[in-house]
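Commentary on secondary and tertiary structure
Spelled out, the chains give:
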Amino acid sequence: MFPGYPISAITNGVHAVSWTAPPLRNLFDQHVAPWRRDNRYLRYAIGIPVDDVRRAHQEAKRAMLAALKSRAGVQLDEKVLTVGFARRAAVYKRPELLFSDIERLKWIARQVGPLQIVYGGRAHPRDQEGKDTIQHVFAAAAALKGIIPVVYVENYDLQWGQILTSGVDLWLNTPKPPEEASGTSGMKAALNGVPSLSVLDGWWIEGCIEGVTGWAIGADAPSDPRAEASSLYGKLDSVILPMFYGRPNDYGKIMRFSIALNGGFFNTQRMLSQYISNAYSADCWGHWPTRVGNVSVPAGDKPA
Ligand SMILES: *Cc1c(COP(=O)(O)O)cnc(C)c1O
């Protein structure tokens, strides 16, 4: 579309204050006070006591459980690891990947530790395949009845977006690579101290530090749904559930790293400042890196 012009990438971000739930806002006001004016202060969240992070999260979780009770009529358990998955119901987002092997999921819940799942997302009215993926989630929920509670939130909107991205314990994203452009809901979760378990696509290629800010699905496997599902289950049963129930303080540290490393970076303030220094500034052309850390950036040509 723009021959002769340099094309490169500036990573997306979310508006930090808008997407932080009240208990986390209060926590940041107390410990890293100027964070609302300058989101970079979130870096210093690394010094907040883990117990305080966990307490603030638990408050956000209780607010979500109350909303689910009053608006969806479902009572979930405050102590149980809650997995969240919510976004537009588009086929490439693959909400059904978690349900590839219902028996294995049941085994995990029985043998390793209980879990409960919250889904949300609307399909475009003319997107029949998107609607089918929702049907698939309902069928899986029925198959898991009595073992793993699955709630589907109707009319997922911005308000539910904030409630879910701050209230769950783990944010799941399973897009079909390389179709995820960004995945901003994972950024919202990070701001609220909710780590991601995600396919390495979109923002997670940059945001994932394995075992520090969350976990990658299928990092060393080919992009194949069976291998990816198996990697997902493996992370749940041998890494995430044992840590959540057995070493809650370690899980709390991951939550805190999510805030400091990812909340402090994947926000609109950083994004806009990068537009200024890397796109709008007169002398930036031709100075784009081709590789930043693990991320390759398409090389740009000099402008015509
Ligand atoms: C954040 C958000 C999205 C986008 O989520 P992605 O992870 O980028 O797909 C969609 N809908 C609502 C209501 C949101 O809050």
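Since this is a predicted model, take the numbers as computed values, not measurements. (Residues numbered from 1 in each chain as written. Predicted model: local features only at pLDDT ≥ 70, side-chain atom pairs only at ≥ 80, totals over all residues. Heavy atoms only, no water.)

Observations regarding the site of the ligand
Taken together, the residues surrounding the ligand are Trp-19, Arg-87, Lys-93, Tyr-156, Asp-157, Leu-158, Gly-161, Gly-183, Thr-184, Ser-185 and Lys-188. A distance of 2.7 Å separates an oxygen atom of the ligand from a polar side-chain atom of Lys-93. Coverage of the ligand by the protein amounts to 82% of the 390 Å² it exposes when considered alone. Using a 2 Å cut-off from the grid points, one finds that the ligand occupies the second largest pocket. Breaking the shell around the ligand down by element, the ones donating at least two residues are α5 (158–167) and α6 (184–191). (Near = heavy atom within 4 Å. Polar contact = N/O pair within 3.5 Å; in protein donor to acceptor, adjacent residues only side chain to side chain. Areas by Shrake-Rupley, 256 points an atom, 1.4 Å probe, with all protein chains shown as cover. 1 Å grid on protein atoms, 1.4 Å probe; cavity = no way out; pocket = protein on both sides within 12 Å on 5 of 7 lines; lining within 4 Å. Sits in = over half its atoms within 2 Å of the grid points. Helix = DSSP H or I, 4+ residues; strand = E, 2+ residues; numbered from the N terminus.)

Some points on the layout of surface pockets
Quantified by volume, the second largest pocket comes out at close to 340 Å³. The wall of the second largest pocket is formed by 17 residues, among which Ala-86, Arg-87, Arg-88, Tyr-156 and Lys-188 lie closest to the centre. Those elements that provide at least two residues to the lining of the second largest pocket are α5 and α6. Looking at the lining of the second largest pocket element by element, the count peaks at three residues for α6. Grouping the constituent residues of the lining of the second largest pocket by class yields four nonpolar, six polar and seven charged. (Points joined across faces, edges and corners; volume = space filled by probe spheres on them. Nonpolar A, V, L, I, M, F, W, Y, C, P; charged D, E, K, R; others polar.)

Description of a nonpolar patch on the surface
Together, Met-1, Phe-2, Tyr-5 and Ile-7 make up a nonpolar patch on the protein surface, roughly 550 Å² of accessible area in all. Here Tyr-5 is to be found in the segment before α1 (22–31). Classification of Tyr-5 as partly exposed rests on a relative accessible area of 47%. (Patch = residues over 30% accessible without salt bridge, like charges linked within 9 Å, V, L, I, M, F, W, Y side chains within 5 Å. Salt bridge = Lys/Arg side-chain N within 4 Å of Asp/Glu carboxyl O. Buried < 20%, exposed > 50% of the residue type's maximum accessible area, 1.4 Å probe, protein only.)

Structural notes on the pattern of salt bridges
One pass over the full model with this rule turns up twelve salt bridges. Among the ionic pairs, Asp-38 bridges to Arg-40, the shortest N-O distance being 3.1 Å. When its relative accessible area of 61% is taken as the criterion, Arg-40 is described as exposed. Glu-78 is the partner of Arg-62 in a salt bridge, and the nearest nitrogen-oxygen pair spans 3.0 Å.

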